[in-house]
Amino acid sequence: MAISLAIASRAFLGPRQPWFLIGLGSGISMLLTAIIMLWGSKVGKISLREGVLDRLSLRGDEVVLDIGCGRGLFLVGAARRLNTGRAFGIDLWKTEDQSGNSPQTTLENARAEEVASRVEIKTGDARQLPFETNTFDIIVSSWALHNIYHPEERAKALRQIARVLKPGGRLAIIDIRHTAEYVGVLRAAGIEEVRRTGPNFVFFIPSFILWGKKQPLPGP
Ligand SMILES: C[S@@+](CC[C@H](N)C(=O)[O-])C[C@H]1O[C@@H](n2cnc3c(N)ncnc32)[C@H](O)[C@@H]1O
């Protein structure tokens with residue numbers, strides 16, 4: 001659009017007038033932004049997801065939870081690595097956080113990847129997870145928790161994650177903001193070996209990954 005306006009202004013007003021240069025400059029920057037965003041969603045996110053799942057080295061029999069699963073990026077990716085296991089996704093389906101966000105879209109994505117039989121979707125809030133304590137072997141959450149705006153509310157969600165993770169279970173949380181804050185909250189909630197890696201440039205804003213493991217139960 002901006003490039004077309006620049007070309008039109010050049011045709012009518014001549015090449016050396018500021019509207020041509022302003023239009024061309026903003027057009028090129030919009031085009032670059034669009035290319036980077038498209039690369040991020042089609043290539044960068046998938047490659048980061050596969051790296052995270054490789055590192056979690058799933059056996060195939062785990063019960064996995066994806067918090068704020070949206071259209072199912074990690075949910076479906078994890079389900080593809082399961083055989084007897086099951087992948088649960090929970091979300092509030094906020095369309096301002098992800099376009100086309102709905103349980104139907106996520107189920108369609110799971111069907112398209114032929115993993116729907118291993119996937120279960122729930123509507124719910126990360127701050128009040130509708131699952132029993134010590135339920136999941138693996139918990140993942142990608143670019144979801146920063147959408148909870150108040151620090152104490154984010155801490156509530158992290159404590160819920162620690163609660164529903166099984167002793168010895170592992171987590172990976174990917175986010176663009178507040179990850180340094182997550183470290184302390186997770187440790188205080190009984191998560192061990194908490195590490196923060198990154199930055200990863202999937203978008204313009206760097207993403208960091210938090211890794212951790214829930215304290216195993218004491219041996220006999
Ligand atoms: C940017 S999208 C990321 C979706 C997906 N994890 C991905 O990587 O493509 C953030 C998601 O978090 C969800 N979300 C935001 N606040 C939430 C909350 N308190 N509990 C559960 N889900 C939430 C939104 O509805 C949205 O689907």
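Our subject is the structure listed above.
The paragraphs below set out a description of the structure included in this document. (Residues numbered from 1 in each chain as written. Predicted model: local features only at pLDDT ≥ 70, side-chain atom pairs only at ≥ 80, totals over all residues. Heavy atoms only, no water.)

Neighbouring the ligand are 21 residues, the closest being Gly68, Asp91, Lys94, Asn101 and Ser142. Contact between the ligand and Asp91: an oxygen atom at 2.5 Å from a side-chain N or O atom of the residue. When the ligand is considered free in solution it has 600 Å² of accessible area, and contact with the protein chains removes 94% of it. Here the shell around the ligand is built from residues that sort into 8 nonpolar, 7 polar and 6 charged. (Near = heavy atom within 4 Å. Polar contact = N/O pair within 3.5 Å; in protein donor to acceptor, adjacent residues only side chain to side chain. Areas by Shrake-Rupley, 256 points an atom, 1.4 Å probe, with all protein chains shown as cover. Nonpolar A, V, L, I, M, F, W, Y, C, P; charged D, E, K, R; others polar.)

This next bit is on the side chain of Glu62. Within the secondary structure layout, Glu62 lies in the loop between α2 (18–56) and β1 (63–67). In terms of polar contacts, Glu62 uses its side chain to reach the backbone amide nitrogen of Gly60, at 2.9 Å. Dropping the residues within four chain positions of it, Glu62 is found in contact with Ser57, Leu82, Gly85, Arg86, Asp137 and Ile138. (Helix = DSSP H or I, 4+ residues; strand = E, 2+ residues; numbered from the N terminus. Contact = heavy atoms within 4.5 Å.)

Moving on, we get to the pattern of salt bridges. Using the criterion set out here, one finds 14 salt bridges in the structure. Across the pair Arg59 and Asp61 runs a salt bridge whose closest N-O atoms are separated by 2.9 Å. Between Lys166 and Asp137 there is a salt bridge whose closest N-O contact spans 3.1 Å. Here the residue Lys166 occupies a position in strand β5 (residues 165–175), and Asp137 occupies one in strand β4 (residues 136–142), the gap between them amounting to 29 residues. Classification of Asp137 as buried rests on a relative accessible area of 16%. (Salt bridge = Lys/Arg side-chain N within 4 Å of Asp/Glu carboxyl O. Buried < 20%, exposed > 50% of the residue type's maximum accessible area, 1.4 Å probe, protein only.)

Turning to the environment of Ala144, a few remarks are in order. Residue placement: Ala144 occurs in the loop between β4 and α5 (151–164). For Ala144, a relative accessible area of 14% translates into the label buried. The spacing of Ala144 and Asp97 is 47 residues in sequence and 8.3 Å in space, taken between C-alpha atoms. Residues contacting Ala144, with those up to four places away along its chain left out, are Ile67, Gly68 and Asp175.

Before going further, it helps to spend a moment on the packing of α5 against helix α6 (residues 179–188). At a minimum axis distance of 10 Å, the contact between α5 and α6 shows a crossing angle of 50 degrees. Between α5 and α6, the crossing angle belongs to the class labelled oblique. The chirality of how α5 crosses α6 is right-handed. Contacts between α5 and α6 involve Pro151, Arg154, Ala155, Leu158 and Arg159 on the former and, on the latter, Glu181, Tyr182, Val185 and Leu186. Among the residues making up the contact of α5 with α6, the classes are represented as 6 nonpolar, no polar and 3 charged. (Axes fitted to C-alpha atoms, helices over the stretch in contact; angles between N-to-C directions. Parallel < 35°, antiparallel > 145°, perpendicular 65-115°, else oblique. Left-handed = near helix turned anticlockwise from the far one by under 90°.)

Counting residues in hydrophobic clusters, the biggest one holds 28 residues, and the most contacted among them are Leu48, Val52, Leu56 and Val119. Looking at this core, the elements with two or more residues in it are α2, α3 (73–79), β3 (119–123), β4, β5 and β7 (207–214). The biggest single contributor to this core is α3, with 5 residues. When neighbours within four sequence positions are excluded, Leu48 is seen to be in contact with Phe74, Trp143, Ile174, Asn200, Val202 and Ile209. Counting 27 residues, the second-largest nonpolar core is a separate cluster that includes Ile67, Phe136, Leu158 and Ala162. (Core = buried A, V, L, I, M, F, W, Y, C linked by side-chain atoms within 4.5 Å.)

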